Amino acid sequence: MPKLIRLLATALLAIGASAGTVLATAAPAHADACYTWSGVLAQGSSGEAVRQLQIRVSGYPGTGGVLGLDGQYGPATKSAVARFQAAYGLTADGVAGPATFAKLYALQDDDCTPVNFSYAELNDCNTTWSGGNVSAATAKANALVTMWKLQALRHALGDQQIRVTSGFRSVSCNNAVGGASTSRHLYGDAADLGAGPHSLCTLAQAARNHGFAGILGPGYPDHNDHTHVDGRPSRFWSAPNCGVASLTGSLDPLGD
Ligand SMILES: [Zn+2]
């Protein structure tokens, strides 16, 4: 083509390419400061994207359930996702797509904690998460899961405040408050909840639906002034004044 037109065409192509670049960078997939999912996750998916999803829906395992954080999107994960979706008015198909991820982005802070809880709130013992019965990294990771369960509990109770009065404890912090030597506070997955606006029994009863294997509350020794929840390996629930009991009725193997 004539040189002038060729130049014009080249210029137009350059502008077009430039505009295309601008458009491409102006409308990326959602970029979240904590974690960004791409595509759709469904039963059969696996990997880190699934594990990140499992952490965030760990408060939706169904009554008495505990969701495994294994990165495998099986039936339990599908059900947990569906309960999460139903809780927030989304189509409850158990498939995690853009609407589900958008809700999760809205619910998480840049450090991956749910918006209504913080690492500081779950650790008034130290800032390092060290000195407990597990590594600092494990204690902090356990606290994150606990916070997502608390976020689910909070939403189920009308999005009113839940007050955490004690979370992670080092051995020395635990000794200072007279905690049991096997206390789950030493693992970072425990939280003591104070009354107001919810009663301690309301908290203990509702906690059964949100992934807490350990629940101790009113009527259990030394638990008339708080409700304790945790992520111990096997279920122990005891809040006799609230009608909360383990189905097995076994003795508490771990203490609080
Ligand atoms: Zn406790």
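Residues numbered from 1 in each chain as written. Predicted model: local features only at pLDDT ≥ 70, side-chain atom pairs only at ≥ 80, totals over all residues. Heavy atoms only, no water.

- As recorded by an unreviewed UniProt entry, the protein carries the name D-Ala-D-Ala carboxypeptidase family metallohydrolase and is attributed to Dactylosporangium cerinum.

1. A short note on the pattern of salt bridges
For step 1, the next point in the chain: Going through the model one piece at a time under the given rule, you end up with 5 salt bridges.
For step 2, the next point in the chain: Arg232 is the partner of Asp230 in a salt bridge, and the nearest nitrogen-oxygen pair spans 2.7 Å.
For step 3, the next point in the chain: You can call Asp230 buried: its relative accessible area is 0%. (Salt bridge = Lys/Arg side-chain N within 4 Å of Asp/Glu carboxyl O. Buried < 20%, exposed > 50% of the residue type's maximum accessible area, 1.4 Å probe, protein only.)

2. Here's the deal with the coordination of the zinc ion
For step 1, the next point in the chain: Protein coordination at the zinc ion comes from His185 (NE2), Asp192 (OD) and His228 (ND1), with a distance range of 2.0 to 2.1 Å.
For step 2, the next point in the chain: All donors of the zinc ion come from a single chain, and their spacing in sequence reads H-x6-D-x35-H. Remark: His228 occurs in strand E4 (residues 227-230) and His185 occurs in the loop between helix H6 (171-176) and strand E2 (191-194); sequence separation between them is 43 residues.
For step 3, the next point in the chain: A relative accessible area of 1% means that His185 is categorised as buried. (Donors = N, O, S within 2.8 Å, 3.2 Å for Na, K, Ca; no water. Helix = DSSP H or I, 4+ residues; strand = E, 2+ residues; numbered from the N terminus.)

3. Some details on the state of the cysteines
For step 1, the next point in the chain: With the rule as written, the count across this model stands at 3 disulfides.
For step 2, the next point in the chain: A sulfur-sulfur separation of 2.0 Å characterises the disulfide bridge that pairs Cys34 with Cys112. For the disulfide bridge between Cys34 and Cys112, the dihedral angle about the S-S bond is near 110°, and by the sign convention the bridge is right-handed. With Cys34 in the loop between helix H1 (3-26) and helix H2 (48-56) and Cys112 in the loop between helix H4 (98-107) and helix H5 (136-156), this pair connects stretches of sequence that are 78 residues apart. With respect to class, Cys34 is no different from Cys112; both count as buried.
For step 3, the next point in the chain: In the protein, the cysteines engaged in disulfides, taken in order along the sequence, are linked 1-2, 3-4, 5-6. (Disulfide = S-S within 2.5 Å.)

4. Notes on the confidence of the model for the protein
For step 1, the next point in the chain: Of the residues in the protein, 85% have a pLDDT of 70 or more, and the chain-wide mean is 89.
For step 2, the next point in the chain: A low-confidence stretch, residues 1-28 stays under pLDDT 50, and its non-local contacts, those more than four residues away or across chains, total 2 contacts.
For step 3, the next point in the chain: Here residues 249-254 is a poorly scored stretch, pLDDT under 50, and it has 14 contacts once near neighbours within four places are set aside; other chains count. (pLDDT = per-residue confidence, 0-100. Contact = heavy atoms within 4.5 Å.)

5. A look at the sheet that holds strand E3 (residues 214-216)
For step 1, the next point in the chain: Strand order in this open sheet of 6 strands is E1-E2-E4-E3-E5-E6, and the pairing throughout is mixed. Edge strands, defined here as strands with exactly one partner in the open sheet, are strand E1 (163-166) and strand E6 (244-245).
For step 2, the next point in the chain: Taken together, the 3 bridges between E3 and strand E5 (residues 236-239) define a ladder with parallel strand orientation. For Leu216, the partnering residue across the bridge sits in E5 and is Ser238.
For step 3, the next point in the chain: Along the sheet, H5 contacts E1, E2 and E4; its crossing angle with E2, the most-contacted strand, is approximately 30°. (Pairing = 2+ DSSP bridges. Axes fitted to C-alpha atoms, helices over the stretch in contact; angles between N-to-C directions.)

6. As for the nonpolar core
For step 1, the next point in the chain: Core analysis: the largest hydrophobic core is formed by 50 residues, its most contacted members being Leu53, Leu150 and Leu193.
For step 2, the next point in the chain: With 9 residues, H5 is the largest single contributor of residues to this core.
For step 3, the next point in the chain: Residues within four places of Leu53 in sequence aside, it is in contact with Trp37, Leu41, Tyr73, Val81, Ala96, Phe101 and Leu104. (Core = buried A, V, L, I, M, F, W, Y, C linked by side-chain atoms within 4.5 Å.)

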